[in-house]
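Read off the chains here:
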Amino acid sequence: MEAGACWRWGHLPDRAGHAGASAAIFGKWVERVGPRRTMFTAALFFGGGFLVAALGVATKQLWLIYLGNGVLGGIGLGLGYISPVSTLIKWFPDRPGVATGMAIMGFGGGAMIASPLSVIMMNNFGGGVPANGITQTFVVLGLVYFVFMMFGAFTIRVPRPGWAPAGYDVNSANAPGHGMITRANVAVDTAMRTPQFWLLFAVLFLNVTAGIGILGQASVMIQEMFSDTTGGRTAVSAAAAAGFVGLLSLFNMGGAFSGPRCLTASAARPPMPSSSRWAPFCTS
């Protein structure tokens, strides 16, 4: 088992499906209970998923790994993703692209820290043998994620009803982002019965699955591409491969921040963006 195993298991494509499903299914519940309870629930699922996966590694039960990092981690990922984004849009109605871009930039930039940190912990816990330190690494990551997510849950605030930034009038034709704000209001139950909703969901699902799949396999891919198939040696170490994942994450951050910001300043009804990650913010 190679050093990249922890990173691959931590980003199973199965997680993308459960993240998208939880965001769609629990969307109404998130708006009803507010971001704090949602983020608290997300922390329980996401942190607990790592602990369940650690148990699966320790007992060599693959189904526990899928349950922990795939199902539980995916639900926590979906809930933890939509709650801060929806809250930021309420705080910055005049700059929705910047607000969502900053949130998604932080989300995408996590791999830049987590990937090399995971390699370091696996080496330290495994006594130089990364495969022996996967269980402990999962436990530490689960606890660290839980603490940080709880900090966010207890510090987040929502604006009072009717609040708006100084000088911003949502009804003014000259208000920033006015062209992207619709005056129509469609209930979630109604929207979920339209083909447009499921088409957008399918595009987002495929996009996120591909993105998480590439990030999850990037470390292994670069090591195998530059390996000696006859001697079993690789020219890229686990630490260097983790740096490659961090580089992907860096460009992910740049695209996540600049994309929505550019779309906010575009035409009144912008076309479908090149990355479906921005679709909910550009077509609403």
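Everything quoted here is computed from the prediction, not taken from an experiment.

Chemist: I'm lost on the environment of Gly167 in this one. Help?
Modeler: Mapped onto the elements, Gly167 comes out in the loop between helix 8 (134-155) and helix 9 (188-191). Taking the C-alpha atoms as reference, Gly167 lies 9.9 Å from Asp94; in sequence the two are 73 residues apart.

Chemist: What exactly am I supposed to notice about unusual backbone geometry here?
Modeler: Peptide bonds are mostly trans, and most non-glycine residues show a negative phi. The phi angle at Lys60 is positive, at roughly 60°, despite the residue not being glycine. Following the sequence through the fold, Lys60 ends up in the loop between helix 4 (35-59) and helix 5 (62-91). On the accessibility criterion, Lys60 (72% relative accessible area) is exposed.

Chemist: What's the story with the packing of helix 4 against helix 5 in this structure? I'm lost.
Modeler: The contact between helix 4 and helix 5 brings their axes to 7 Å, and the two run at 160°. Taken together, the axis directions place helix 4 and helix 5 in an arrangement best described as roughly antiparallel. Relative to helix 5, helix 4 is oriented so that their crossing is left-handed. Classifying every residue of the contact of helix 4 with helix 5 by side-chain character gives 17 nonpolar, twelve polar and no charged.

Chemist: Which parts of the structure should I look at to understand a nonpolar patch on the surface?
Modeler: Taken together, the side chains of Met112, Ile113, Leu117, Leu247, Leu250 and Phe251 define a hydrophobic patch exposed on the protein surface, amounting to about 590 Å² of accessible area. Taking relative accessible area as the criterion, Ile113 reaches 59% and is therefore assigned exposed.

Chemist: How should I be thinking about helix 10 (residues 195-225) in this particular structure?
Modeler: Residue pairs three or four apart in sequence face the same way in an α-helix, which turns once every 3.6 residues. The largest bend along helix 10 measures about 55° and falls at Ala218. Within the sequence span of helix 10, burial applies to Ile212, Leu215, Gly216, Ala218, Ser219, Val220, Ile222 and Gln223.

Chemist: Hey, could you run me through the nonpolar core in this one?
Modeler: Phe46, Phe50, Val57, Leu79, Ile134, Phe138 and Met149 are the most contacted members of the largest nonpolar core, which has 20 residues in total. Of all the elements in the fold, those that place two or more residues in this core are helix 4, helix 5, helix 7 (110-125) and helix 8. The biggest single contributor to this core is helix 4, with seven residues.

Chemist: Can you walk me through the packing of aromatic side chains in this structure?
Modeler: Two descriptors summarise a pair of aromatic rings, namely the distance from one centre to the other and the angle between the planes of the rings. Taken as a whole, this structure holds seven aromatic pairs when the rule is applied. Ring geometry for Phe46 against Tyr145: centres 5.2 Å apart, planes inclined by 75°, an arrangement best described as edge-to-face. One end of the pair, Phe46, is in helix 4; the other, Tyr145, is in helix 8, and 99 residues separate them in sequence. Look at Phe46 and you get buried, because its relative accessible area is 9%. Judged by centre distance (5.4 Å) and plane angle (35°), the ring pair of Phe50 and Tyr145 falls under tilted. Of this pair, Phe50 sits in helix 4 while Tyr145 sits in helix 8, and the two are 95 residues apart along the sequence. Overall, the relative accessible area of 4% leaves Phe50 in the buried class. Linked through ring pairs, Phe46, Phe50, Phe138 and Tyr145 together constitute an aromatic cluster.

Chemist: What is the right way to read the packing of helix 4 against helix 8 from this model?
Modeler: Between two packed helices, what matters for the description is the angle formed by their axes and the separation of those axes. Where helix 4 meets helix 8, the closest approach of the two axes is 8 Å, and the angle between their N-to-C directions is 175°. With respect to each other, helix 4 and helix 8 are oriented roughly antiparallel. Looking at the contact of helix 4 with helix 8 residue by residue, the class counts come to 22 nonpolar, four polar and one charged.

Chemist: Sorry, what's going on with helix 7 here?
Modeler: In a regular helix each residue adds 1.5 Å, so 16 residues correspond to 22 Å; helix 7 covers 22 Å between its end C-alpha atoms and thus fits that length. Residues of helix 7 that are buried: Ala111, Ala114, Ser115, Ser118, Val119, Met121 and Met122. Gly127 occupies a position one or two residues after helix 7 and carries a positive phi of about 65°.

Parameters and conventions
- Residue positions are given per chain, counting from 1 as you read along its sequence in written order.
- With the structure being a predicted model, the display of local features is reserved for residues of pLDDT at least 70 and the display and counting of side-chain atom pairs for 80 or more, all residues being used for whole-chain, interface and lining totals.
- No hydrogens and no water enter the side-chain calculation; it runs on all heavy atoms of the structure.
- Strands are runs of DSSP state E lasting at least 2 residues, helices are runs of H or I lasting at least 4, and numbering of each runs from the N terminus.
- When accessible area is computed with a 1.4 Å probe and restricted to protein chains, residues below 20% of their type maximum are described as buried, those above 50% as exposed, and intermediate ones as partly exposed.
- Between N-to-C directions, angles span 0 to 180 degrees; the directions come from axes that are lines fitted to C-alpha atoms, helices contributing only their stretch in contact.
- In this scheme, roughly parallel covers angles under 35 degrees and roughly antiparallel covers those over 145, while 65 to 115 is roughly perpendicular and the rest are oblique.
- For any pair of crossing helices, the crossing counts as left-handed if the nearer helix is rotated counterclockwise from the farther one by less than a right angle, and right-handed if it is rotated clockwise.
- Put simply, Ala, Val, Leu, Ile, Met, Phe, Trp, Tyr, Cys and Pro go in the nonpolar bin, Asp, Glu, Lys and Arg in the charged bin, and everything else, Gly too, in the polar bin.
- For patches, a residue must show more than 30% relative accessible area and have no salt bridge; joins then use 9 Å for like charges and 5 Å for nonpolar side chains, namely Val, Leu, Ile, Met, Phe, Trp and Tyr.
- Methods summary: accessible areas were calculated by the Shrake-Rupley approach with a probe of 1.4 Å, and residue burial reflects only the protein chains presented.
- Put simply, a salt bridge is a Lys or Arg side-chain nitrogen that is within 4 Å of an Asp or Glu carboxyl oxygen.
- Axes are fitted to the seven residues ending at a residue and to the seven starting at it; the angle between these axes is taken as the bend at that residue.
- Throughout, nonpolar core names a set of buried Ala, Val, Leu, Ile, Met, Phe, Trp, Tyr and Cys residues whose side chains join them through atoms within 4.5 Å.
- Pairing of aromatic rings covers Phe, Tyr and Trp, the last through its six-membered ring, and needs centres within 6.5 Å; plane angles under 30 degrees mean stacked, over 60 mean edge-to-face, and all others mean tilted.
- How far a helix is expected to stretch is found by multiplying one less than its residue total by 1.5 Å.

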